[in-house]
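# Commentary on secondary and tertiary structure
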Amino acid sequence: MRVLLRLLGFLGAHPWRAALAVLLGVATVASNVGLLALSAFLIAAAALKPELAALSVPIYLVRFFGVSRGFARYAERVVSHDVTFRLLRNLRIWFYERLEPLAPSRLLEHHSGDLLDRAVEDVDELQNVYLRIFSPILVAAFTVSATFAVFWVFSPLLAFVALGFLVAAGVGVPLLVDALARRTGRQQVELRAELSAQLVDSVQGVQDLLAFGAEKERRDRISEINRKLARAQRRMALIEGLQGSLNDLLSNLAMLVLLVLAIPLVSGGEIRGVYLAFLALVILGSFEAITPLGSAFQFLGRSLSAAGRLFEIADEEPQVRDPQNPAPVPERPGLEFRRVTFSYSNSGSKALDDVSFEIKAGSRVAVVGPSGSGKSTLARLALRFWDPDGGEVLLGGRDVREYAQEDLREKIGLVAQDTHIFNGTLRRNLLLARPEATQRELERAVEAARLGGLVESLPEGLDSWVGEQGLRISGGERQRLAVARALLKNAPILLLDEPTANLDTVTEQELLGSIREMVQDRTTLLITHRLVGMEGMDEILVLDKGRIVERGTHAELLRSSGLYRQMYDTQREMLAAA
Amino acid sequence: MDRELFRQIKPARIFLALTVALGVLGAAATIAQMTFLSEVVSRVFMGDENLGRVEGLIFLLLAAIVVRAALVWAREVVGQRGAIQIKTKLRERLFSHLMRLGPTYTKNERTGELVSTAVEGIERLDAYFGRYMPQVLLSLLVPLMIFVYLVQVDWISALLLVGSAPVIPILMIAVGKHSERHIQRQWLALSRLSAYFLDTLQGLTTLKAFGRSRAESETVAKVGERFRKRTMKVLRYAFASGLVLEFMVSIAIALVAVELGVRLLRGDISFQPAFLILLLAPEFYRPLRELGTHRHAGMEGKAASGQIFEILNTPAPVSGGDAYPREIQNQLTIRLDSVRFSYPDGSRPALSGVSLDLPVGTTTALVGRSGAGKSTLANLLLRFLEPSEGDILANGLPIMGLPVENWREHVALVPQRPHLFYGTVLENIRLARPGATPEEVQRAAELAGADGFIRRLPEGYDTQIGERGARLSGGEAQRVAIARAFLKDAPLLVLDEPTSSLDPKSERLVRQAIERLSKGRTTLIIAHRLNTVYSADRIAVLEDGHLREVGTHEELLERSTLYAGLVNAPERVTT
Ligand SMILES: Nc1ncnc2c1ncn2[C@@H]1O[C@H](COP(=O)(O)OP(=O)(O)OP(=O)(O)O)[C@@H](O)[C@H]1O
Ligand SMILES: Nc1ncnc2c1ncn2[C@@H]1O[C@H](COP(=O)(O)OP(=O)(O)OP(=O)(O)O)[C@@H](O)[C@H]1O
Ligand SMILES: [Mg+2]
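Keep in mind that what you see is a predicted model, and the values were worked out from it rather than measured. (Residues numbered from 1 in each chain as written. Chains lettered and ligands numbered in written order. Predicted model: local features only at pLDDT ≥ 70, side-chain atom pairs only at ≥ 80, totals over all residues. Heavy atoms only, no water.)

### As for the overall build of chain B
Along its length, chain B carries 21 helices and 10 strands. Compactness check: chain B gives a C-alpha radius of gyration of 35 Å against a globular reference of 25 Å for 575 residues, more than 25% above the reference. Summarising its shape, the C-alpha atoms of chain B cover approximately 115 × 50 × 45 Å along the three principal directions. Here chain B has roughly 21,600 Å² of accessible surface; of this, 55% comes from carbon and sulfur atoms. Treating the 68 positive side-chain charges of chain B as one cloud and the 59 negative ones as another, the clouds have centres 3 Å apart. (Helix = DSSP H or I, 4+ residues; strand = E, 2+ residues; numbered from the N terminus. Rg over C-alpha atoms; globule rule 2.2 N^0.38 Å. Areas by Shrake-Rupley, 256 points an atom, 1.4 Å probe, with all protein chains shown as cover. Lys, Arg positive; Asp, Glu negative; His and termini not counted. Charge placed at Lys NZ, Arg CZ, Asp CG, Glu CD.)

Right, dumping it as structure tokens:
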């Protein structure tokens, strides 16, 4: 119920349209009942062979309702769908805005296929609530009262019996159907999400599946979900059939019972016989407003679990929050880690343990160390993707928590270890870094990142499409695209996480040249396991298991014959042998 | 009706036929019900009979009502069953085919779009098969039944009804034709919406790093708004065709009612048949009205089916081949014979005239500048791609002649960008050999230098590593992928930059493991780092898709300026 109320809260954005939809719904049902019942009255009255003039009002009304029914229904549908789809659009935006602060720390548990399903299918599912529940209930309530009133004119007994049937169909059937379908509905939502998640994972991992002959096993897994979904759907079909059939049965039974009750009244002269057909059709017609409720409630469970899945994400607390009064970020800040301790949630060990270092504005620091020692974690903390458990990260002398996240990230250029390349053109991927960049600036960044050759060779140049996750260009080209992005951003702080990992040595040298040029007067943190060009760094930190185990310049570290020396020797041993 | 869609019915023919039969029976029950009803009302109203006299009729009426309700239920259940069966089959076929199409196809597509086609697209066929298709038949049969019945009651009204009926489908088709294009566009907008959301969700961290994530909500709004507009446009057409339909039906009913009223006044017809006609007139039009509603849903299904069949009709990039049903040996000598390959829209061939031998028991290193075509060559070996010219031979036999799954069993791959699946470390390594024991998995991990960190994970091998290995560091994920290839134990080992994200120490460990493993196998290793390539038996140098040199490190150092350039590594400079 709380979920439902919360969903209805979104209607607040369009109260007038929503009210209009209800009004038109009432008009539609009224026209329908009017048309059917008055036609019946018309022929019954005609059978008594009165003057033609006595029939002119009913004839006029029949014509009127005949026309108004179609138009009322058309208008009702347009308005109600219009409101609903506006709401769904708002819901998607709302969901994205709630989701955005959660990335990446809070979203790690989720499959992106599952999130996709929430943003698209679950939101879509909520149509049901707005189109089939909210307005139809009001329309039904009106219809029931009106029908009750009509019968009351003839006989209170008939009125109460009609009311009984209408309530049974309008409340009893929905409740029954909801009770039967709730679990199945929830299952359907979950299975569909599971299917999406598995499909995303399989499509994106198809190369690995095929290479390892695992596609069959994967196919079986998907077939299994598919079959479960089919089972749930078959169950739902049973319920759907039951619902339709119960409504049919109830409406006809209501007509029958009212007939049986009315016949003695007619015989007794309490009701004129001419109204008998009219009454039978009034009750049949009024059911038209009631039956949609059954199908709405059949999918209520589904809609509610879809809504629940949206709220579940939306209600998560972001790991990092903007401060009340964000401080302005200085133009040329330095970066400092002060006794930073950090561990990822649900991981036993500390990713960073009492790490302190400072990168003075405009100076360059390299971080090296074995894989998994926490190098990339440093970058993530500097960007405030996570907040440290202990200690603080300072930018321009202030804790990064005092800045607005956007302002902070504005000042940082990043080449991440696993950058996402968007499925679009090269240009779109570059513009991400600076939407207002000119063609000239784009070309300069491309040139500096040594992508000029590629762009020239592509038939459509910068407007060539790079494919899903940039897989239509080679690995090294993707890497350079990531560097080009960071170069284009032109921020005072640079975080470079293995910027040359997938590059051949010639390209690497060229690219390092560009980077060196760029980092001239920037605060730079270079993360690498390639001990190349280390002489140019102001300080080198050696990280091992989250702790800084050595620090100094290249020459100092080589002299001290610690971990750095070992790494350096390992890297060179082959050369020595050669 | 769409021929290809029609073909899908086959497995569910019985269900569909049954649905139609139940619909016809339902109509018969309705006719009976209305006849009894009109009889009861007429006798009481015109004949002044009391309840006792019409008791029998009332029981018949009750029976008709109950039978009709039961038929409504049965029809729904049967119709849905048929549709569900078709959907389930089709989805499995679609997925299998996507797997057959492989990475070459998927990287040119949008994952979100493919997924939305396979999930929502197929769901949309529900309405097509379960409702629209049977309704097409019913909308012919049921009105015909009622007409035949009414002719005997009152032929004037029957003709009036039947005369107005054809107008409805004609109008519907006229409006529908127009809307079909819009429905297609709307479906496209939905699948684009999915593609956009998936790409955005997966790139959210990147967007955030560039400070673009909040601004992106404007794009979300834009994409959402476009979808809304397209949807409303389609719906307006659907509602307009509904309006036309309603209008025609209402007018027709009103006409009939007035006509009956006038004839009753004149005494040309008695009350009972007149009332019966009035009751049956809506029933006469009901199937046509329902056709209108289902038609829209059906068209939505048809629009989605376009994309489904487009995928299903895309030929797999590699031919199946069963020329050599016998097993190939466990020792492979591979030979590439003037292999040429161009990507469909590449301006120049990615590989041309590449001839290279990979003798059994040797390690060949493939080097070359970024974009030279190294990964393309690896993809050819895995048969994700097929050479446009030339041959790849395994022990003298073209590999194109082998069933593709069979061939891949003989190759272990560490791709340049390995994909780790949502699941545990163990599951990910075991992908290579589902039957492997935990000990074997552990040994493979040890060889890959991964055992150490895996043990330190909170739940060891059973730790969930998140989507695409999000909870592992770059180097850790890479080692899991290496362990996977080691576990496979295949005669041909293809390693595409297996140590690009590893620190020197882990790199050495992996290199030594590869050296040990490559004994008795055939190994191709793509690498950029001198320390990896230098110990290979042979080194092949690729430039712009051409194979320039093959030789040992020393030979090449002397002969090849290109190689010398490549290995004129900074390591060297600083020595
Ligand atoms: N999201 C996460 N959840 C839990 N643990 C994580 C997560 N990300 C990283 N870790 C763990 O934290 C440790 C440090 O990871 P980090 O990515 O900083 O390593 P790294 O030094 O960059 O390694 P590499 O050189 O391999 O990239 C690793 O042991 C890793 O398993
Ligand atoms: N699917 C594709 N469609 C069109 N062109 C492609 C596709 N995949 C790769 N290419 C192009 O083909 C060329 C060779 O790519 P390949 O991936 O083989 O390079 P590579 O030698 O492995 O490079 P790297 O060392 O950077 O990984 C590149 O120029 C690349 O842009
Ligand atoms: Mg890292």
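Picking up where we left off.
### Structural notes on the coordination of the magnesium ion (ligand 3)
Residue and element names in this part refer to chain A. The magnesium ion (ligand 3) binds to the protein through S376 (OG) and Q417 (OE1); the donor distances cover 1.9 to 2.3 Å. In this pair, S376 is assigned in helix α11 (residues 375-382) and Q417 in the loop between β6 (412-415) and α13 (426-431), connecting sequence segments 41 residues apart. Given the relative accessible area of 25%, Q417 is considered partly exposed. (Donors = N, O, S within 2.8 Å, 3.2 Å for Na, K, Ca; no water. Buried < 20%, exposed > 50% of the residue type's maximum accessible area, 1.4 Å probe, protein only.)

### A closer look at the interface of chain B and chain A
With 170 residues of chain B in contact, the opposing surface of chain A contributes 177 residues. Summing both partners gives a buried area of about 15,800 Å² for chain B against chain A, and 64% of it is carried by carbon and sulfur. Viewed at the interface, chain A and chain B are joined by 12 salt bridges. Among the ionic pairs, R369(B) bridges to E510(A), the shortest N-O distance being 3.6 Å. Our count for the chain B to chain A interface comes out at 48 residue pairs in polar contact (both at pLDDT 80 or more). Here the side of chain B that touches chain A is built from residues that sort into 81 nonpolar, 44 polar and 45 charged. (Contact = heavy atoms within 4.5 Å. Buried area = accessible area lost by both parts, 1.4 Å probe. Salt bridge = Lys/Arg side-chain N within 4 Å of Asp/Glu carboxyl O. Polar contact = N/O pair within 3.5 Å; in protein donor to acceptor, adjacent residues only side chain to side chain. Nonpolar A, V, L, I, M, F, W, Y, C, P; charged D, E, K, R; others polar.)

### Some words on the site of ligand 2
Neighbouring residues of ligand 2: 21 residues in total, closest S474(A), G476(A), S370(B), S375(B) and T376(B). In the environment of ligand 2, an oxygen atom lies 2.8 Å from a nitrogen or oxygen atom belonging to the side chain of E477(A). S375(B) places a side-chain nitrogen or oxygen 2.6 Å from an oxygen atom of ligand 2. Relative to its unbound accessible surface of 640 Å², ligand 2 loses 92% to contact with the protein. Contributions of two or more residues to the shell around ligand 2 are made by α16 (475-489) of chain A together with α11 (374-381) of chain B. The residue makeup of the shell around ligand 2, split by class, is four nonpolar, 10 polar and seven charged. (Near = heavy atom within 4 Å.)

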